[in-house]
Amino acid sequence: MNRKTREIPKFINESDEADWWASRREKNTWKKHAAAAQSVGSKRQGSTLIATMNRKSSVQIAIRLPQADLAQARELAERKGLGYQTLLKMFVHEGLAREARRS
């Protein structure tokens, strides 16, 4: 199968890169790749929390964090073998569940 490889452009800053990856064209491209990988019969790996979170519909938002907190999240996520956004979603999910139990 001869597939044309796509070039990822050079970005001026992280915001431009995020906009490019979040564009409708890129989302559709990567969804197709993911669907093709799933149809091959690959099994889902990883934690059940992440699998559950990925099954739920999500809404894209923008949030500003202190640079030091983001750096710490990235470092921690790398040590755990996760993406930093996945780690932050896990923290939000766990914090909301904890607060719900308190009430």
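So, how was this worked out
Residues numbered from 1 in each chain as written. Predicted model: local features only at pLDDT ≥ 70, side-chain atom pairs only at ≥ 80, totals over all residues. Heavy atoms only, no water. Salt bridge = Lys/Arg side-chain N within 4 Å of Asp/Glu carboxyl O. Helix = DSSP H or I, 4+ residues; strand = E, 2+ residues; numbered from the N terminus. Buried < 20%, exposed > 50% of the residue type's maximum accessible area, 1.4 Å probe, protein only. Expected span 1.5 Å × (residues − 1). Arc of directions from axis to C-beta. Patch = residues over 30% accessible without salt bridge, like charges linked within 9 Å, V, L, I, M, F, W, Y side chains within 5 Å. Areas by Shrake-Rupley, 256 points an atom, 1.4 Å probe, with all protein chains shown as cover. Contact = heavy atoms within 4.5 Å. Axes fitted to C-alpha atoms, helices over the stretch in contact; angles between N-to-C directions. Parallel < 35°, antiparallel > 145°, perpendicular 65-115°, else oblique. Nonpolar A, V, L, I, M, F, W, Y, C, P; charged D, E, K, R; others polar.

Asks: What exactly am I supposed to notice about the pattern of salt bridges here?
Replies: Between side chains of opposite charge, a pair can form as their charged atoms come close. This structure, assessed with the given rule, holds three salt bridges. For Glu75, the salt bridge identified is with Arg79, shortest N-O distance 3.9 Å. Taken as a pair, Glu75 and Arg79 lie in helix H4 (residues 67-80) at a separation of four residues, close to a single helical turn. You can call Arg79 exposed: its relative accessible area is 62%. We note a salt bridge from Arg102 to Glu99, for which the minimum N-O separation is 3.0 Å. Note that Arg102 and Glu99 are positioned in helix H5 (residues 84-102) at a spacing of three residues, about one turn of the helix.

Asks: I would appreciate a short explanation of H5 in the present structure.
Replies: Working note: α-helix, 3.6 residues per turn, so residues spaced by three or four point in the same direction. An ideal rise of 1.5 Å per residue puts 27 Å on 19 residues; H5 measures up with 27 Å between its terminal C-alpha atoms. Listed as buried for H5 are Leu87, Met90 and Gly95. Down the axis of H5, the sector holding all buried residues measures 130 degrees, keeping them to one side. Facing away from the buried side of H5, by more than 90 degrees, are the exposed residues Gln85, Val92, Leu96 and Ala100.

Asks: Just to check I follow, could you spell out a nonpolar patch on the surface for this structure?
Replies: There is a patch of nonpolar side chains on the surface, built from Val59, Ile61, Ile63 and Leu65 and spanning about 460 Å² of accessible area. By the secondary structure assignment, Ile63 is in the loop between helix H3 (48-55) and H4.

Asks: Please clarify how the environment of Ile8 should be interpreted in this entry.
Replies: Assignment of secondary structure puts Ile8 in the segment before helix H1 (14-22). Ile8 sits in the partly exposed class, given a relative accessible area of 48%. Spatially, the C-alpha atom of Ile8 lies 9.3 Å from that of Trp20, the residues being 12 residues apart in sequence. When residues no more than four places from it in sequence are discounted, the contact partners of Ile8 are Trp20 and Trp21.

Asks: For this particular structure, what's the right way to read the packing of H4 against H5?
Replies: Angle between the axes and distance between the axes: these two values describe a pair of packed helices. At a closest axis distance of 8 Å, the pairing of H4 and H5 adopts a crossing angle of 100 degrees. In terms of their interaxial angle, H4 and H5 are classed as roughly perpendicular. Across the interface between the two elements, Leu70, Ala73, Arg74, Leu76, Ala77 and Lys80 of H4 pack against Tyr84, Leu87, Leu88 and Phe91 of H5. When its residues are assigned to classes, the contact of H4 with H5 shows eight nonpolar, no polar and two charged.

The values are spatial; any link to function lies outside them.
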